[in-house]
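Residue strings, one per chain:
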Amino acid sequence: MENSYSSLPLLDLVSVIFFYALFLQGVIADIIAASNSSSTNEEQKAFYQSGWGAQNISEYCKWNGIVCNEAQSVIQISTKNNFYIPSTQAHIQHFNVAAFPDLISLELSGSGLKGNIPSEISSLKKLVHLDLSSNCLQGELPSSLSSLNQLQTLNISNNFLTGEIPSTLQYLIHLKVLDISHNKISGVIPEGISALTELTRIHVFCPLHNEFGNEQRRKNGDMLSIWNYDGKIAFEDIIKATEDFDIKYCIGTGAYGSVYKAQLPSGRIVALKKLHKAESENPSSYKSFCNETKILTEIRHRNIIKLYGFCLHNKCMFLVYEYMERGSLFCNLSYDVEAQELNWSKRINVVKGIAYGLAHMHHDCTPPIVHRDISSNNILLNSELQAFISDFGTARLLDLHSSNQTLPAGTYGYVAPELAYTLSVTTKCDVYSFGVVVLEAMMGRHPAELISCLSEPSIQKKKLKDILDSRIPLPYFRKDMQDIVLVVTLALACLSPHPKSRPSMQEIANELLASKPPLLWHFDSISIHQLMKQKVYIIGRS
């Protein structure tokens with residue numbers, strides 16, 4: 001008994017320690033929860049104030065292009081995954097990056113962003129990947145980026161940045177990829193990075209200067225701008241990589257030229273569009289090539305093909321493009337195996353990519369750019385089946401103070417009907433062509449027969465499910481059903497014979513980014529007539 005009583009104080013002490021530990025654990029948990037809640041509130045506030053993202057601000061973790069951790073704190077923002085940045089709010093200073101302390105990946109490429117790179121990015125101590133490429137950013141590269149000691153990828157290519165390469169970049173000891181090409185930045189890569197390049201094979205793409213945004217060499221009136229991994233003129237690399245354009249490297253041939261696939265010394269694979277010799281002596285073909293070069297060196301968007309270089313020589317004319325592994329949308333729809341891989345969600349993403357690219361050309365560029373030849377042949381797909389608008393040979397910069405009359409251009413079956421009686425080009429010509437391509441993507445074939453009969457009651461009574469590509473199963477998921485109804489509705493609106501009745505590409509892009517309303521009808525019973533009566537593209541109107 002004596003031993004039992006003597007042990008009671010010890011038991012009491014253990015109990016006190018145990019309950020105190022539980023108390024501390026609860027306090028710490030509350031502190032962490034409060035901290036996470038505070039961080040979440042700051043993130044929500046940042047999204048709201050910037051105007052970026054979708055409409056349901058309280059559910060931003062469910063938005064396209066956003067990834068959150070278990071604590072509902074944002075760790076990834078990606079425009080490549082369709083995070084939405086409205087063109088009217090495309091100023092990087094509108095976005096409080098410091099509100100996202102857990103951010104690991106910030107990818108805002110091809111969004112038309114303006115302004116200077118904010119020094120506040122240096123507060124993102126967990127950041128591993130930073131991609132601000134293909135925008136309209138200006139000013140100098142902040143030296144404070146050196147404090148991002150976890151950074152492995154830094155891509156600021158295809159902007160309007162100026163100044164010297166900061167020597168402080170040498171402190172980015174984990175950096176594996178550095179791309180500062182297509183800017184007006186000068187200087188040398190800091191020694192620390194140069195040494196690391198040899199050890200870890202960092203891919204460094206050096207800057208290019210002057211007109212067209214790149215270094216040029218003129219001889220006898222000819223112009224050349226091709227680069228290798230050192231940023232030097234690399235015409236010889238192109239000739240060597242293709243063995244002087246040997247036919248075994250040819251991956252496609254058209255009426256005006258051939259396309260070749262080549263691997264440069266840097267390891268980069270490019271596509272070379274070379275004009276046939278006879279066409280290179282044709283003034284109109286030369287003008288078309290120059291036009292494409294000018295436009296593609298001035299436009300930057302994630303859904304528009306990237307131009308790496310060009311050679312405009314009276315005996316050898318070619319353009320150097322980003323290589324698209326999957327080829328054209330037309331080819332992918334023409335073959336059953338490829339078409340079956342393009343399931344409904346992938347086709348919807350292709351449609352979205354085209355819409356975003358065109359919306360950028362029509363509404364974010366000054367002056368607006370009209371493509372004039374949107375077709376499934378001119379939509380290219382990369383290895384991830386993302387869509388890129390290509391072939392800008394007939395593109396036109398719109399003069400808002402003139403009638404913009406020009407000679408007819410475009411591909412038969414995609415050209416807007418009004419061009420049969422007027423030579424005036426407007427953005428609504430591209431809108432019509434977009435509608436044709438959308439129906440083609442959904443149907444798996446060119447919709448010529450459907451379009452020619454749209455005014456007939458028999459066609460209007462036809463069910464939506466009956467016009468969809470039969471090579472893939474009808475949609476099973478509600479989201480796919482909603483997306484198909486939306487894009488087909490938009491496509492039909494684009495095909496209005498009256499240009500002014502067609503939606504703008506900005507309205508279309510806004511609809512594709514908005515929250516989807518519930519289906520009003522059972523999917524299997526929806527008719528073409530019902531979709532033709534919908535005015536979904538006029539957001540906020542009755």
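Residues numbered from 1 in each chain as written. Predicted model: local features only at pLDDT ≥ 70, side-chain atom pairs only at ≥ 80, totals over all residues. Heavy atoms only, no water.

Condition: UniProt positions are given in the numbering used here, feature names are shortened, and annotations may be inferred rather than shown by experiment.
The protein chain appears in an unreviewed UniProt entry as non-specific serine/threonine protein kinase from Phaseolus angularis. In its Sequence similarities (unreviewed entry) section, UniProt records this for the protein chain: "Belongs to the polygalacturonase-inhibiting protein family."

1. Things to note about the packing of helix α9 (residues 344–364) against helix α15 (residues 505–513)
What describes two packed helices is the angle between their axes and the distance between those same axes. Operational definition: Orientation is described by lines fitted to C-alpha atoms, with helices fitted over the stretch in contact, and by angles between N-to-C directions that extend from 0 to 180 degrees. Only runs of H or I of at least four residues qualify as helices and only runs of E of at least two qualify as strands under DSSP, and these elements are numbered from the N terminus. In what follows, roughly perpendicular refers to angles from 65 to 115 degrees, roughly parallel to angles under 35, roughly antiparallel to angles over 145, and oblique to any angle outside these ranges. By convention the crossing between two helices is left-handed if the near helix lies anticlockwise of the far one by an angle smaller than a right angle, and right-handed if it lies clockwise. Residues are treated as being in contact if the distance between any of their heavy atoms lies within 4.5 Å. Side-chain classes are defined by residue name, with Ala, Val, Leu, Ile, Met, Phe, Trp, Tyr, Cys and Pro counting as nonpolar, Asp, Glu, Lys and Arg as charged, and the others, Gly among them, as polar.
The contact between α9 and α15 brings their axes to 8 Å, and the two run at 140°. What the angle tells us is that α9 and α15 run oblique. As α9 packs across α15, the resulting crossing turns out to be left-handed. Contact with α9, carried on its side by Lys-352, Ala-355, Tyr-356, Leu-358, Ala-359, His-362 and His-363, involves Met-505, Gln-506, Ile-508, Ala-509, Leu-512 and Leu-513 of α15 and no other residues of that element. Of the residues in the contact of α9 with α15, the class split is nine nonpolar, three polar and one charged.

2. Comments concerning the nonpolar core
In a soluble, globular protein the nonpolar side chains are often hidden away together inside. Keep this limit in mind: As used in this record, nonpolar core signifies buried Ala, Val, Leu, Ile, Met, Phe, Trp, Tyr and Cys residues forming a set joined through side-chain atoms within 4.5 Å. Burial here depends on accessible area, computed with a 1.4 Å probe over protein chains only, as a share of the maximum for the residue type. Under 20% is buried, over 50% is exposed, and the range in between is partly exposed.
Among the nonpolar cores identified, the biggest contains 82 residues, and Phe-434, Leu-439, Met-442, Leu-464, Ile-484, Val-488 and Ile-508 are the most heavily contacted of them. Among the elements that make up this core, the one with the highest residue count is helix α10 (residues 427–443) (eleven residues). Residues Ile-66, Leu-108, Leu-113 and Ile-165 belong to the second largest nonpolar core, which totals 42 residues.

3. Overview of the confidence of the model for the protein chain
Spelled out, the test is: Confidence of the prediction at every residue is given by pLDDT, a number between 0 and 100.
When the pLDDT values of the protein chain are averaged, the result is 79; 78% of them are 70 or greater. Scored below 50 in pLDDT, residues 31–35 shows zero contacts in the model against residues more than four places distant or in partner chains.

4. Focus on the UniProt feature "binding site: ATP" (unreviewed entry) in the protein chain
UniProt tags Lys-273 as "binding site: ATP" (unreviewed entry). In this structure Lys-273 touches Ser-258, Phe-289, Glu-292, Met-317, Phe-318, Leu-319, Tyr-321 and Asp-391, once residues within four positions along its chain are discounted.

5. Things to note about the state of the cysteines
Test applied: Cysteine sulfur pairs qualify as disulfides if the two atoms are within 2.5 Å.
The final tally for this structure, using the stated rule, is one disulfide. Cys-61 shares a disulfide with Cys-68; S-S distance 2.0 Å. Judged by the sign of its S-S torsion, about -90°, the bond between Cys-61 and Cys-68 is left-handed. Cys-68 sits in the buried class, given a relative accessible area of 19%. Cys-136 takes part in no disulfide bond, and the closest cysteine sulfur to it belongs to Cys-365, at a distance of 7.6 Å. On the accessibility criterion, Cys-136 (24% relative accessible area) is partly exposed.

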